[in-house]
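Below, each chain spelled out in residue letters.
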Amino acid sequence: MSAESERSRLPFEPNKKRQKSAKAKSKQLDTKQESGKKDEKPRLTKQEMAIPQVVSQRMIRRVAGFCGIPTALGISSLIVSYLLLTYTGIKLPPIAVLLMNMGLFGLGVLGITYGVLSASWDEDRSGSLLGWNEFTTNWGRMVAVWRETRQKNVS
C-alpha cells in the first residue's frame, strides 16, 4: 500500500504521476542519453503548487475573524482598564490586566492557525461557520504528512 493511498489527497494537491506529452517524453529521453543521469523528479510549476484563489480568500477571511476579534479585544482591554482607572477610580490589579491581555493576544495567535486549518481546502465546498469538521480533517492531513516526512528522514 503506497503512502498516497494511506492518506487522502488535498483537493488542490497535484498528481504525483502526471501524464507527459509525447514531445516532453522524447525531449526527456534525449537529455537522459546525453547526460546519463538517473530519473529526476518532474518539476512542478508555481501555478500547480499554489493554493487556489478561492481557498486562499476563504483562509484569509477566517484568519481575520478568528485572529482579529481576540486581538481587538486585547487592545480594547488595555483601553478599558485605563479608562476605568482615570474616570471612575476603579483600580484593577496590574496582574489581572496583564493576564487578561496575554490571554486575548494568545487567542489571537492561535486564531491564525485555527483560521487556516478550519477553512475548507476544497474549492467547491465552503464549509461550516466554525469549521470544526474541516479543522479535524486538515489537522489529520497535516499530521499524516509530518509522520510520512519523519519516516523518510529516518530511513
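A short tour of the structure in this document, coming up. (Residues numbered from 1 in each chain as written. Predicted model: local features only at pLDDT ≥ 70, side-chain atom pairs only at ≥ 80, totals over all residues. Heavy atoms only, no water.)

### Quick word on the overall build of the protein
For step 1, the next point in the chain: For the protein, the count of helices and strands is 6 helices and 0 strands.
For step 2, the next point in the chain: For the protein, the N- to C-terminal ordering of α and β elements is α-α-α-α-α-α.
For step 3, the next point in the chain: Looking at the protein alone, contacts between residues at least 24 apart form 66% of all its contacts between residues at least 6 apart.
For step 4, the next point in the chain: Entry remark: accessible area of the protein is about 12000 Å², with carbon and sulfur atoms responsible for 63%. (Helix = DSSP H or I, 4+ residues; strand = E, 2+ residues; numbered from the N terminus. Contact = heavy atoms within 4.5 Å. Areas by Shrake-Rupley, 256 points an atom, 1.4 Å probe, with all protein chains shown as cover.)

### A short note on the side chain of Arg-62
For step 1, the next point in the chain: Note that Arg-62 resides in helix α4 (residues 53–88).
For step 2, the next point in the chain: Although buried, Arg-62 forms no salt bridge, and the nearest oppositely charged side chain, Glu-134, lies 5.1 Å from it.
For step 3, the next point in the chain: Excluding residues within four positions of it along the chain, Arg-62 makes contact with Gly-115, Ser-118, Ala-119, Ser-128, Leu-129, Leu-130 and Gly-131. (Buried < 20%, exposed > 50% of the residue type's maximum accessible area, 1.4 Å probe, protein only. Lys, Arg positive; Asp, Glu negative; His and termini not counted. Salt bridge = Lys/Arg side-chain N within 4 Å of Asp/Glu carboxyl O.)

### Let's talk about α4
Side chains that are three or four residues apart share a direction in an α-helix, a result of its 3.6 residues per turn.
For step 1, the next point in the chain: With 36 residues, α4 ought to run about 52 Å at 1.5 Å a step, and its terminal C-alpha atoms sit 50 Å apart, in line with that.
For step 2, the next point in the chain: The largest bend along α4 measures about 30° and falls at Gly-68, with the proline Pro-70 one to four residues further on.
For step 3, the next point in the chain: When we look at burial in α4, the residues that qualify are Val-55, Arg-58, Met-59, Arg-62, Cys-67, Pro-70, Gly-74, Ser-77 and Ser-81.
For step 4, the next point in the chain: Elements in contact with the buried residues of α4: α5 (94–117).
For step 5, the next point in the chain: Of the residues flanking the end of α4, it is Gly-89, one or two places downstream, whose phi is positive at about 80°. (Expected span 1.5 Å × (residues − 1). Bend = angle between axes of the 7 residues up to and from the residue.)

### With respect to the packing of aromatic side chains
For step 1, the next point in the chain: One pass over the full model with this rule turns up 5 aromatic pairs.
For step 2, the next point in the chain: Arranged with centres 5.3 Å apart and planes meeting at 25°, the rings of Trp-132 and Phe-135 form a pair that is stacked. Of this pair, Trp-132 and Phe-135 both sit in helix α6 (residues 132–154), separated by 3 residues, roughly a single helical turn.
For step 3, the next point in the chain: Looking at Trp-132, the relative accessible area reads 52%, which means it is exposed.
For step 4, the next point in the chain: Seen from their ring centres, Phe-135 and Trp-139 are 6.0 Å apart, and the 25° between their planes marks the pair as stacked. With Phe-135 and Trp-139 both in helix α6 and 4 residues apart, the pair spans about one turn of that helix. (Phe/Tyr/Trp six-rings, centres within 6.5 Å; stacked < 30°, edge-to-face > 60°.)

These results come straight from atomic positions and should not be treated as a statement about function.
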